[in-house]
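Structure assessment
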Amino acid sequence: MKKLISSDEYKNWLKEIKNRVKKAQIRSVLSASRELIFFYWELGKEIVKKSSETTWGSKLIDQLSKDLKKGFPDIAGFSRTNLYYIKKFYEYFSVFTIPEKIIPRIEGQNKNEFVPRGEGQLESSTIHPFNVKDNNSVILLIVCNLPWSHIKILLDKNKDQKETIFYIKETINNGWSRDVLALQIKSELYRRQGKAITNFKETLPPIQSDLAKQILKSPYTFDFMTMTKPYNERDIEKKLIKNITKFLLELGKGFAFIGEQYHLEVADNDYYIDLLFYHIKLKCYVVIELKNTKFIPEYAGKMNFYLSAVDSKIKEKSDNYTIGILLCRDKNNIEAEFALRDLNKPMGVSEFDFTEIIPENLKDSLPTIEEIEEDLNKNK
């Protein structure tokens, strides 16, 4: 350790870092900001470089943390743990490749919106003076739109590149908080989004079809609510409405709640839609029907009827055609595809899950853990 502290190379490097910290303070008090992320990136790069080019070894981060905290006692972020995150930050993202040509917002683009970019357009970015033709710089331009706390969650989860880019884009486009990002990763949104069975390709224009498919998931995870048997669709519906904020979060950005058991009158008969929403981006009504059973083809026919009724009685000329979502406890994909194949209204079939609680009167009849273990030992 003494050898490291007395090293002229280390002293000069430490002095340079301190000067850069002071400059960064002028531009932005070190907080979860773009300048902070750029600073962390460069520091992470240098820590990696010094670790490989010198004999300082594992002592480097310990000593650097001690000296930076001493030099800047009022600034958070120089703990030993955070410096390891900074090192991991550079190591993890510096090897990324861009799966699609995207960069954060530029002049004239909606705030925090990602859009595809064509050849030659990356040079127009003025976000930061980096050579944006460089792959690492493009990754950094994307990542720096996230607060440091969000980046640490991504580092902890350590997903593959494509999945990480997905969560970065969704976080920025949806304005997710740190806790929401962690929840979406835990619920494996990446593997669920766009996985419902739909007939959108046959019933919607191409642009609307692709967007509509992406708003559907399979399965939907309602782990914010618990149910005790026996219960029916109406009980599930009431529970979802009681937790409407979390329900909307699981549905995704753009859903506006219109009503439950929404009344429609057709040919002097009364009908009631379980849940009616309006999707702001798709500019259309969305009918959701809950089924506490496995999907059967008859459900699609009833949904087709509801969509026709909403289009005739509620939809305005400026609205796009209404979309239906059938949420069932289970489904057979082939059966669902056949059921939707020749219907002319856009709809999708998905599954949903929630936590089931064992009724109190049944708990006493179930074996205890000790009894199960005893039976297993007998059978050995």
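Heads up: these notes are all about the structure in this document. Keep in mind that what you see is a predicted model, and the values were worked out from it rather than measured.

**Points about the environment of Asp-353**
Looking at where Asp-353 falls in the secondary structure, it is placed in strand 9 (residues 347–357). Its relative accessible area of 36% is what places Asp-353 among the partly exposed residues. Separated by 128 residues in the primary sequence, Asp-353 and Met-225 have C-alpha atoms spaced 9.7 Å apart.

**Focus on the pairing of strand 7 (residues 284–294)**
Burial runs high along strand 7: eight of the 11 residues are buried. Relative to strand 7, strand 6 (residues 269–279) runs antiparallel, the two sharing five bridges. Across the sheet, residue Leu-276 finds its bridge partner in strand 7, namely Val-287. With antiparallel pairing between neighbouring strands as the criterion, strand 6 and strand 7 make up a hairpin whose turn holds four residues, including Lys-283 at a positive phi of roughly 55 degrees. Bridge count between strand 7 and strand 8 (residues 323–330): seven bridges; the pairing is parallel. Across the sheet, residue Val-287 finds its bridge partner in strand 8, namely Gly-324. Regarding the hand of the β-α-β motif, the stretch spanning strand 7, helix 15 (residues 297–313) and strand 8 is right-handed.

**Considerations on the packing of helix 7 (residues 148–157) against helix 9 (residues 178–186)**
Taken N-terminus to C-terminus, the directions of helix 7 and helix 9 make an angle of 20 degrees; their axes are 9 Å apart at the nearest point. Taken together, helix 7 and helix 9 sit at an angle that is classed as roughly parallel. Where helix 7 crosses over helix 9, the handedness of that crossing is right-handed. Along the contact surface, helix 7 presents Ser-149, His-150, Ile-153, Leu-154 and Lys-157, while helix 9 presents Arg-178, Leu-181, Ala-182 and Ile-185. Of the residues belonging to the contact of helix 7 with helix 9, the class tally is five nonpolar, two polar and two charged.

**Some points on the packing of aromatic side chains**
Taken as a whole and assessed by the stated rule, the structure comprises 26 aromatic pairs. Where Phe-257 meets Phe-277, the ring centres are 5.4 Å apart and the plane angle is 55 degrees; that geometry is what we call tilted. You can see Phe-257 sitting in strand 5 (residues 255–266) and its partner Phe-277 sitting in strand 6, a full 20 residues away along the chain. In this structure Phe-257 comes out as partly exposed when scored by relative accessible area, which is 30%. A cation over an aromatic ring shows up here: Lys-291 above the ring of Tyr-299, its NZ or CZ 4.9 Å from the ring centre.

**Structural notes on the pattern of salt bridges**
In a structure, side chains of opposite charge can pair up when their charged atoms sit close to one another. Enumeration over the complete set of coordinates arrives at 13 salt bridges. Linking Arg-20 and Glu-46 is a salt bridge whose minimum nitrogen-to-oxygen distance equals 3.1 Å. Pair noted here: Arg-20 is in helix 2 (residues 8–27) and Glu-46 is in helix 3 (residues 34–53), with a separation of 26 residues, a long-range link. Exposure remark for Arg-20: the relative accessible area of 26% places this residue in the partly exposed category. Among the residues examined, Glu-46 registers a relative accessible area of 18% and is labelled buried. A salt bridge links Arg-234 to Glu-237; its shortest N-O distance comes to 2.5 Å. Of this pair, Arg-234 and Glu-237 both sit in helix 13 (residues 233–242), separated by three residues, roughly a single helical turn. We classify Glu-237 as buried; its relative accessible area is 1%. Several salt bridges share partner residues, and in doing so they unite Arg-192, Lys-217 and Glu-250 into one network.

**Overview of the environment of Asp-62**
Locating Asp-62 in the fold gives a position in helix 4 (residues 59–71). Classification of Asp-62 as partly exposed rests on a relative accessible area of 31%. Taking the C-alpha atoms as reference points, Asp-62 and Arg-80, separated by 18 residues in sequence, lie 6.0 Å from one another.

**Some words on the side chain of Glu-289**
Along the chain, the position of Glu-289 falls in strand 7. Notably, Glu-289 is buried but unbridged: the nearest opposite-charge side chain belongs to Lys-291, and the N-O separation is 4.1 Å. Within the structure, the side chain of Glu-289 is placed 2.8 Å from the backbone nitrogen of Asp-274, a separation counted as a polar contact. Residue contacts for Glu-289: discarding those within four places in its chain leaves Tyr-272, Ile-273, Asp-274, Met-303, Tyr-306, Ile-325, Leu-326 and Leu-327.

**So, helix 13**
Those residues of helix 13 not exposed but buried are Ile-236, Glu-237, Leu-240 and Ile-241. Take helix 13 and look down its axis: the buried residues cluster within an arc of 135 degrees, on one side only. Backbone nitrogen of Arg-234 and a side-chain oxygen of the N-cap are separated by 3.1 Å at the start of helix 13; the cap is Asn-232.

**Re the nonpolar core**
Grouped together as the largest cluster of nonpolar side chains are 47 residues, with contacts concentrated most on Leu-64, Phe-89, Phe-93 and Ile-151. Those elements that place two or more of their residues in this core are helix 2, helix 3, helix 4, helix 5 (80–93), helix 7, helix 8 (161–174) and helix 9. Here this core gets eight residues from one element, more than from any other, and that element is helix 3. In terms of nonpolar packing, the next biggest core, distinct from the first, is built from 30 residues, Phe-222, Met-227, Phe-277 and Ile-323 among them.

**Describing unusual backbone geometry**
Cis geometry marks the peptide bond from Ser-218 to Pro-219, where omega comes out at 0 degrees. By secondary structure assignment, the location of Pro-219 is in the loop between helix 12 (206–215) and strand 4 (220–228). Even without being a glycine, Glu-188 presents a positive backbone phi close to 55 degrees. For Glu-188, the location among the structural elements is in the loop between helix 9 and helix 10 (189–192). Unlike most non-glycine residues, Asp-268 shows phi in positive territory, near 65 degrees. Mapped onto the elements, Asp-268 comes out in the loop between strand 5 and strand 6.

Cut-offs applied
- Residues numbered from 1 in each chain as written.
- Predicted model: local features only at pLDDT ≥ 70, side-chain atom pairs only at ≥ 80, totals over all residues.
- Heavy atoms only, no water.
- Helix = DSSP H or I, 4+ residues; strand = E, 2+ residues; numbered from the N terminus.
- Buried < 20%, exposed > 50% of the residue type's maximum accessible area, 1.4 Å probe, protein only.
- Pairing = 2+ DSSP bridges.
- Right-handed = clockwise from strand over helix to strand, strands pointing away.
- Axes fitted to C-alpha atoms, helices over the stretch in contact; angles between N-to-C directions.
- Parallel < 35°, antiparallel > 145°, perpendicular 65-115°, else oblique.
- Left-handed = near helix turned anticlockwise from the far one by under 90°.
- Contact = heavy atoms within 4.5 Å.
- Nonpolar A, V, L, I, M, F, W, Y, C, P; charged D, E, K, R; others polar.
- Phe/Tyr/Trp six-rings, centres within 6.5 Å; stacked < 30°, edge-to-face > 60°.
- Lys NZ or Arg CZ within 6 Å of the ring centre and 35° of its normal.
- Salt bridge = Lys/Arg side-chain N within 4 Å of Asp/Glu carboxyl O.
- Lys, Arg positive; Asp, Glu negative; His and termini not counted.
- Polar contact = N/O pair within 3.5 Å; in protein donor to acceptor, adjacent residues only side chain to side chain.
- Arc of directions from axis to C-beta.
- Core = buried A, V, L, I, M, F, W, Y, C linked by side-chain atoms within 4.5 Å.

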